[in-house]
Amino acid sequence: MSDEVPLLDLQGQYRPLREELLAAVVRICDRQRFITGPEVAALEEEMARMLGVRHAIAVPSGTDALLVKLA
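The present account deals with the structure reproduced in this document.

Conventions and cut-offs
- Residues numbered from 1 in each chain as written.
- Predicted model: local features only at pLDDT ≥ 70, side-chain atom pairs only at ≥ 80, totals over all residues.
- Heavy atoms only, no water.
- Helix = DSSP H or I, 4+ residues; strand = E, 2+ residues; numbered from the N terminus.
- Expected span 1.5 Å × (residues − 1).
- Salt bridge = Lys/Arg side-chain N within 4 Å of Asp/Glu carboxyl O.

## Details of helix H2 (residues 18-31)
- Taking 1.5 Å of rise per residue, the 14 residues of H2 would be expected to cover 20 Å, and the 20 Å separating its terminal C-alpha atoms lies within 8% of that figure.
- Positive phi appears at Gln32, one or two residues downstream of H2, with a value of about 60°.

Rendered as structure tokens:
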């Protein structure tokens, strides 16, 4: 038995969401809509609402986020 305390318990965060996450992955793969689609639109709308702004744009990386900001 280890006395180490884990820095991050990803399993503890993942377990309650597992079925929902797997269903979303299957749904997205079945539709083949990896870049755009209803899930991306829903994410952007939810993020805009949470941030109190009119629009939010989902990008694939932090580098792309910086490039969008600089454009």
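Now, onward.
## A word on the pattern of salt bridges
- With the rule as written, the count across this model stands at three salt bridges.
- The partner of Arg18 in a salt bridge is Glu19, with the nearest N and O atoms 2.9 Å apart.
- Residues Arg27 and Glu39 are paired through a salt bridge, measuring 2.8 Å at the closest nitrogen-oxygen approach. Separated by 12 residues along the polypeptide, Arg27 in helix H2 and Glu39 in helix H3 (residues 38-51) bring together distant segments of the chain.
- In the salt-bridge network here, residues are joined through shared partners; they are Arg27, Arg31 and Glu39.

## With respect to H3
- For H3, spanning 14 residues, the distance from its first C-alpha to its last is 20 Å, which sits close to the expected 20 Å at 1.5 Å a residue.
- Gly52 sits one or two positions beyond H3 and adopts a positive phi of about 70°.

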